[in-house]
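Remarks on the overall topology
The primary structure of each chain is shown beneath.
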Amino acid sequence: MTDRYARYERLSFDRPGPKVLRITMRSPLKMGAMDATMHREVSEIWRDVDADDSVNVIIFTGDGKTFSAGGDLKHERKVCDDYALRMRAMKESRDLVTNMLDCRKPIVTAARGWAVGAGLATVLLADVSIVAKDAKFSDGHLKIGVAAGDHAAIIWPILCGMAKAKYYLLTAETFTGEEAERMNLVSLALPDEEVEARAVEIANRLAKGAPAAQRWTKMMLNHWIKQAQPIFDASLAFEFTGFAGPEGIEGIDAFLEKRSPNFDPDCPF
């Protein structure tokens, strides 16, 4: 492994095939939730792999039976009160999206268990998204009283259409991987035990292809998404304005209160 990856604390790296780099999120928090360090690293890693000539394809996955249940609410509560922290988090949220879109190499995600918020963003922004049929997804922003910023405005209407986007973003309703495939949010939904192997198989197949042709094709297709850049930037501004407002503060406080010893540890909501 090259030195470019030595600085990462929450991401681990291995190579399941020639020219294939697998990145695994290893969170110290329950259900793969992103602490501040992981959130920053997930926003930055795409520039490093893009510059790595030994990599043609990336697999991005979670540790064990879950992907990532989104941001750490305790940290997000600090974001509500601290302007500098809020601006840093907003920049990282923007970088996560734009760096994934600008990464020239095909990205394959393998998602099992819960994927929420920034975790769900990495699933849906991938070029090929492989998920478990029984995986559970939710955008989640409206449940904590902030606008659906993050990745949602730039990609959901393109993938699943405006009617489904409005329904699931406004209600923050949970849905399964099988339902996500049915409404074209993801590429494939498979039995849980097949997800990782299929991601490796697809990544190795892509790695044997013509890298320049793949990168140019990805670049051209991503222009459809990038046309929504002004909408995306506005959604981020509204989201992080909401963190400083009464609805965001009260919403996060309510969820932190729910996460008592009696709260179900298997559900991020």
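Values in this document were obtained by computation on a predicted structure and should not be read as measured data. (Residues numbered from 1 in each chain as written. Predicted model: local features only at pLDDT ≥ 70, side-chain atom pairs only at ≥ 80, totals over all residues. Heavy atoms only, no water.)

What to know about the sheet that holds strand S1 (residues 11–17)
The criterion, for reference: A strand pair is defined by DSSP finding two or more bridges across the two strands. Numbering of helices and strands runs from the N terminus, with a helix taken as a DSSP run of H or I at least four residues long and a strand as a DSSP run of E at least two residues long. A fitted line through C-alpha atoms represents every axis, and for helices the fit uses only the stretch in contact; the resulting angles, taken between N-to-C directions, go from 0 to 180 degrees. Whether two residues are in contact is decided by their heavy atoms: any pair within 4.5 Å suffices.
Strands sit in the order S1-S2-S3-S4-S6-S9 across an open sheet of six strands; the sheet is mixed. Two strands close off the open sheet at either side, each with one partner strand: S1 and strand S9 (188–190). Across the sheet, the axes of successive neighbouring strands diverge by a mean angle of 20°, strand direction being ignored. One ladder, built from four bridges, connects strand S4 (residues 107–111) with strand S6 (residues 128–132); its direction is parallel. When the bridges of S6 are listed, valine 108 appears paired with valine 128. The sheet strands contacting helix H8 (residues 195–207) are S1, strand S2 (20–25), strand S3 (57–62), S4, S6 and S9, and the helix crosses S4 at an angle near 175°.

Here's the deal with the packing of helix H3 (residues 83–102) against helix H10 (residues 229–243)
Heads up, the rule is: Note on angle classes: values under 35 degrees are labelled roughly parallel, values over 145 roughly antiparallel, values of 65 to 115 roughly perpendicular, and the remainder oblique. Helix crossings fall into two classes, left-handed where the near helix is turned counterclockwise from the far one by less than a right angle and right-handed where it is turned clockwise. Under the scheme applied here, ten amino acids are nonpolar (Ala, Val, Leu, Ile, Met, Phe, Trp, Tyr, Cys and Pro), four are charged (Asp, Glu, Lys and Arg), and all others, including Gly, are polar.
Relative orientation of the contacting elements H3 and H10 amounts to 150°, with a least axis distance of 10 Å. Of the possible angle classes, the one that applies to H3 and H10 is roughly antiparallel. The two elements H3 and H10 cross, and the hand of that crossing is right-handed. Of the residues in H10, those in contact with Arg86, Ala89, Met90, Ser93, Arg94, Val97 and Thr98 of H3 are Gln229, Phe232, Asp233, Leu236, Ala237, Phe240 and Phe243. For the contact of H3 with H10, the class distribution of residues is eight nonpolar, three polar and three charged.

Observations concerning the confidence of the model for the protein
For clarity, the threshold we go by: The score called pLDDT rates the predictor's confidence residue by residue, from a low of 0 to a high of 100.
Here the protein averages 93 in pLDDT, while 95% of its residues score no lower than 70. pLDDT under 50 marks residues 260–265. Its contacts with residues more than four places away, or in other chains, come to five contacts.

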